[in-house]
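# Chains, contacts and geometry: an overview
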Amino acid sequence: MKVNRRSFLQLAAVTAVSSAFCGLGFETEALAADRIAMLEPKWSKQTTSVCCYCAVGCGLIVNTDLKTKRAINVEGDPDHPINEGATCAKGASIWQLAENKERPPRPLYRAPYSSEWKEVSWDWALGEIAKRVKKTRDASFTEKNDKGQVVNRCNGLASVGSAAIDNEECWTYQAMLRALGLVYVEHQARICHSSTVAALAESFGRGAMTNHWNDIANSDCILVMGSNAAENHPISFKWVTKAMVKGAKLISIDPRFTRTSAKADLYCQIRAGSDIAVLGGLIKYILDNDLIQRDYVVSHTNAPFIISDKFTFNDGLFSGYTKNGDDEDYVGAYDKSQWAYERDEQGLPKRDESLKHPRCVYNLLKSHYARYDVDKVVSVSGIDKDGLLEFYKLFSATGKPDKAGTIMYAMGWTQHTVGTQYIRTMAMVQLLLGNIGVSGGGVNALRGESNVQGSTDHCLLWHILPGYLATPNAGLPTYREYVDAKAKPHLQGAKDPKSAAWWQYYPKYMSSFLKAMYPEASSEDAYAWLPKAEDGKTYTWLQLFEAMRKKEFTGFFAWGMNPACGGANAGKNRQAMTNLDWMVNVNIFDNETGSFWRGPGMDPKKVKTEVFFLPCAVSIEKEGSITNSGRWMQWRYQGPTPRGESKSDGHIMTELFDKIRALYAKEGGAFPEPIKNLSVDMWKTHGEFDAHQVAKLINGYFLKDVTIKDKTYKKGTLVPSFALLQDDGSTCSGNWLYCNSYTEDGNRAARRSREQTPEQEKIGLFSNWSWCWPVNRRIIYNRASCDNTGKPYAPQKPVVAWNGKSWIGDVPDGGWAPGTKYAFIMLPNGHGHVFGPGRQDGPFPEHYEPMETPFTKHEFSNQLNNPTALRFAREALAVADPKYPYVATTYRVTEHWQTGLMTRHTPWLLETMPQMFVEMCEELAKEKGIENGEKVMVESIRGSIWAIAMVTKRMHPLKVMGKTVYQLGMPWCFGWQMPHDGSGGDSSNLLTPSVGDPNTGIPETKVFVANVRKL
């Protein structure tokens, strides 16, 4: 796609490119001026793309040499609404990522017990992998479990990845894996934001960022807690700055004084792992001072709902608790039926809109957080008392109808054994203050990978199918039993005529998904072909590597992931890989996972694992869509051709599956029906993977002539909206949430118009730029921004408003007239959940200590840790262990991304941030005799790494529960494989524990205990 460059930026581009290519000493014989000349159309073509790093979704312009087909320049797109031409350090270096001599040009093969890689052909590599897949699948395929239930499952294969591949590739990959029968299907979202989905879906009905990046500029108060947006999502911070210019206050709460803190109006340091205490105190402050937005709370939340008298809370435990034995993965479990609503004769929740009933949610909430007084919060968190009170005052002021406050959080909140409850606590705050659905409000999850939102939507995760449909389990053997079970609570909620209970349409979405997978099959047969999980069993990331340690797998795919550095307790992951017969690693560069067999502590001659490395294209070398954190689905075009013999992920997947299918056609094998009948041919044009064809399948087609409300849609027509999907097999849709993204009007993700209506322009919705799920709605739950007459609470910045005939502004969250339907349409009873009865560890968040802590007790109860946490009893944890006295946390830096696999191979970025370091306060350094810049050893109960000491004023000792607490901070973006001389160090995840949140299994990598000593 060609674009016109803005003439006024041309001189600036010349200057920027000259300094970029000359100033950093990149090895090239060409002069910078020659490259600039190549920007002329007669020498190059221009294509638009989207940055491949964090999920802000910045637009790029790629220049490609017409002769060599190689990229010659990559820069920010000045027309793009989010970044307006700006890029961060990583985005500015994408040219160097693509044109990188470290990229393997063709597949590599490591034979069992070999000490070296060998280059091989694609045909040989894919043919051999196909043989391994078939052998493993046939040997480990299980038709029925020990109970005699049909499960049609492949037990010997597992997969992790990927949040960096395009939406169309994600859908293709999940289809391939499920046709093979895998249940151990895991993904980056499990270890970065799975707790976000669990928390936000429980609170509001959907698991995504509620607003979008530009909308941050409309906020009156911005809380950055659990993230460091200025460093890790740099372009997002331009919208924070714009809000501050208009008078917004910025609050930074963090264990370290970060670059975000440096810009903040208020900064408070806290102990890592104490955020629920701080936020619980905020809830108490709001309730004690009657600062709730009352009309919003009564109209739009379940605060008036009355809870059963079976519900109790006593000394850290909710009613219904049972402790498990050490042989089970989870510490304990709750009988959640004891947390139910009190119901009327129709089975609908009883309510008291006066908020006076002693068992209404509002009063139970007051009672629960009565213990969270300021002094206890200060004692547990170490926060400055005056700063805490100022924080409470500033943020609670957004509870006025014409004000809005937002939260920007990331893995500082998600990666905890109480990670889901961290986010739930803030969701409750935002409901109490009326900050959900409004412009400048929301709970905004800053997602860290370019397509982690889209790849989560397409569900490369064991427990969900695309569109957040539930994975079938053995206890629901038939299609009808399955859809009835999933729709039942929503059909119950729909008995209230004001409840949209949108998931009552579950059968339409599931039927359409199955038809996208298996177009010629009935729903019953297609459902039977899906693998079934065991009832009561979970298959999360931590459990996957535990199963690998126990030699349960023969084969493993690590597709676009580097678990040898990226996963908690990375040493365990590396050792577990030695138990595999074979592994496939698909990536841009060789890495610590693909080469685990030659890493530290490994003797290749003793490692049997056969490894295939398949080189894939970088983002600017292929076409397809990605979905940013704000749910914008954006189309990327191919600029250069894939370097060397590398291929797009989509091409690799389809070519591999074709070979697997050919083997089954020739030889037969275990349960071939799902492999034979998968819709692979619908993914292709002229026999090759085509992103447009998959995007259309994801949107969905009418498979028959269908008449709906007197309008007939012909067979083969693209379905214009998910409201038209059917449950009788007459429609297909690979992901109902994306139905409306690619219609007969064209590819809506590719739209580039900045045109807005006057109402949209007031708040910068940019509704004609790209496409946003669902149905192009930019701010979800937006009818909650109005009272029951359709009048916006904040008329100066309305999201939607009723004009007497229809809603104007954003696409409304349901087009019904005001007062006829509740605002939170995805929840059975239509109200946002202040009380969340669906989580595994309680309907109200409660402070528990991390699984590793310097303390044996805390201020709020006698229950030390999360009583339902995921852990492996045989793995030791350090609790109040004098050998590991310091609280440690991990984080990212601007120059590197995730495990650093891509950025450590980019010379500009590696030069600016070359090696592992550990931050510590001056007081601790003095006590240990450590000087700034010295090499030190950091140790946990699991292992040790060296790091360079960064002695800093950015951290200081905290007084916590009468004890002086020192904190350590480390990035997790390094690994032994690059730099090749070992000067970068290794991953801090060698130190983090294999413990997780009970709702999602997300590992607790953001807090553990450690020691530091001089070398």
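Report follows, based on the coordinates.

Closest axis-to-axis distance for the helix H8 (residues 194–204)/helix H18 (residues 419–432) pair is 8 Å, and the angle between their directions is 35°. The element H8 and its partner H18 pack so that their crossing is right-handed. Touching Ser-195, Thr-196, Ala-198, Ala-199, Leu-200, Glu-202, Ser-203 and Phe-204 of H8 are Gly-419, Thr-420, Ile-423, Arg-424, Ala-427 and Leu-431, all from H18. Split into classes, the residues belonging to the contact of H8 with H18 amount to seven nonpolar, five polar and two charged.

Strand order in the open sheet made by the five strands is S12-S11-S10-S17-S18, with parallel pairing throughout. The sheet terminates laterally at strand S12 (266–269) and strand S18 (443–445), the two strands that pair on one side only. Taken over all neighbouring pairs, the strand axes of this sheet differ in orientation by 15° on average, direction set aside. In this structure, strand S17 (residues 405–409) lies alongside S18, joined through three bridges in parallel fashion. When the sheet's bridge partners are listed, Met-408 is paired in S18 with Asn-444.

Here we come to the packing of aromatic side chains. In total, this model carries 56 aromatic pairs according to the counting rule given. Here Tyr-482 and Tyr-506 contribute two aromatic rings whose centre-to-centre distance is 5.8 Å and whose plane-to-plane angle is 65°, an arrangement assigned as edge-to-face. Taken together, the positions of Tyr-482 in helix H20 (residues 479–493) and Tyr-506 in helix H21 (residues 506–517) put the pair 24 residues apart, joining distant regions of the chain. There is no split in this pair, since Tyr-482 and Tyr-506 are both buried. For the pair Tyr-518 and Trp-529, a centre-to-centre distance of 5.0 Å together with 85° between the ring planes defines the contact as edge-to-face. Taken as a pair, Tyr-518 in the loop between H21 and helix H22 (523–529) and Trp-529 in helix H22 lie far apart in primary sequence, 11 residues in all. Grouping residues by exposure puts Tyr-518 and Trp-529 together as buried. These aromatic residues form a ring-pair network of at least three members: Phe-311, Phe-313, Phe-318, Tyr-321, Tyr-334, Trp-339, Tyr-369, Tyr-372, Phe-835, Phe-844 and Phe-860. The ring of Trp-816 carries the charged tip of Lys-821 above its face, separated from the ring centre by 5.8 Å. Cation over ring: Lys-935 sits above Trp-946, and NZ or CZ is 4.0 Å from the ring centre.

Here three strands make up an open sheet; going across it, the order is S1-S2-S3 and the pairing antiparallel. Bordering the open sheet on either side are strand S1 (44–50) and strand S3 (71–76), each of which pairs with just one other strand. Pairs of neighbouring strands in the sheet enclose a mean axial angle of 20°, with direction left out of account. Both S1 and strand S2 (residues 59–65) contribute to a ladder of seven bridges, which runs antiparallel. Bridged to Val-50 within S2 is Gly-59.

Turning our attention to the packing of helix H23 (residues 541–549) against helix H25 (residues 570–577). Where H23 contacts H25, the two axes come as close as 8 Å, and the packing angle between them is 45°. Taken together, H23 and H25 sit at an angle that is classed as oblique. With respect to the hand of their crossing, H23 and H25 are arranged in left-handed fashion. Contacts between H23 and H25 involve Trp-541, Phe-545, Glu-546, Met-548 and Arg-549 on the former and, on the latter, Lys-572, Asn-573, Ala-576 and Met-577. Taken together, the residues of the contact of H23 with H25 sort by class into five nonpolar, one polar and three charged.

Turning next to the pairing of strand S7 (residues 150–154). Across the five residues of S7, four count as buried, placing the element largely inside the fold. In terms of strand pairing, strand S6 (residues 141–144) meets S7 through three bridges, oriented antiparallel. The residue of S7 that forms the bridge with Lys-144 is Val-150. Linking S6 to S7, which pair antiparallel, is a turn of five residues; within it Gly-148 sits at a positive phi near 85°.

Bringing the pattern of salt bridges into the picture now. All told, the structure shown has 57 salt bridges when counted by the stated rule. Where Glu-546 meets Arg-549, a salt bridge forms, and the shortest distance between an N and an O atom there is 3.0 Å. Taken together, the residues span about one helical turn, with Glu-546 and Arg-549 both in helix H23 at a distance of three residues. Since its relative accessible area comes to 6%, Glu-546 is described here as buried. When its relative accessible area of 29% is taken as the criterion, Arg-549 is described as partly exposed. The salt bridge involving Glu-546 is made with Lys-550; its shortest N-O contact spans 3.8 Å. Several salt bridges converge on common partners, so that one network encompasses Glu-546, Arg-549, Lys-550, Lys-572, Arg-874 and Glu-875.

The next point concerns the environment of Glu-116. Turning to its location among the elements, Glu-116 is positioned in the loop between strand S4 (108–110) and strand S5 (118–119). Along the primary structure Glu-116 and Arg-598 are separated by 482 residues, whereas in three dimensions their C-alpha atoms are 8.5 Å apart. Ignoring sequence-local partners within four residues, the contact set of Glu-116 consists of Tyr-109, Arg-110 and Trp-597.

What counts as what
Starting from 1, residues in each chain are numbered consecutively following that chain's sequence as written. The predicted origin of the model limits local features to residues at a pLDDT of at least 70 and limits the giving and counting of side-chain atom pairs to 80 or more, whereas totals for whole chains, interfaces and linings rest on all residues. Hydrogen atoms and water are omitted, and side-chain values are computed over all heavy atoms in the structure. What counts as an axis is a line fitted to C-alpha atoms, over the stretch in contact for a helix, and the angles between N-to-C directions run from 0 to 180 degrees. A run of H or I in DSSP becomes a helix once it reaches four residues, and a run of E becomes a strand once it reaches two; helices and strands are each numbered from the N terminus. Note on convention: near helix rotated counterclockwise from far helix by under a right angle means a left-handed crossing. Clockwise means right-handed. Only heavy atoms matter for contacts: two residues are in contact if any of them lie within 4.5 Å across the pair. Asp, Glu, Lys and Arg are counted as charged, while Ala, Val, Leu, Ile, Met, Phe, Trp, Tyr, Cys and Pro are counted as nonpolar; the rest, among them Gly, fall into the polar class. For two strands to be treated as a pair, DSSP must find no fewer than two bridges joining them. Aromatic rings from Phe, Tyr and Trp, with only the six-membered ring used for Trp, were paired whenever their centres fell within 6.5 Å, and each pair was classed as stacked if the ring planes differed by under 30 degrees, edge-to-face if by over 60, and tilted otherwise. Here's how the labels work: a residue is buried when its accessible area is under 20% of the maximum for its type, exposed when over 50%, partly exposed in between, all with a 1.4 Å probe on protein chains only. Here, over-ring charges are defined by two tests on the NZ atom of lysine or the CZ atom of arginine: distance to the ring centre within 6 Å, and angle to the ring normal within 35 degrees. Throughout this description, any angle smaller than 35 degrees is read as roughly parallel, any larger than 145 degrees as roughly antiparallel, any in the 65 to 115 degree range as roughly perpendicular, and the remainder as oblique. By convention in these notes, a salt bridge is any Lys or Arg side-chain nitrogen within 4 Å of a carboxyl oxygen on Asp or Glu.

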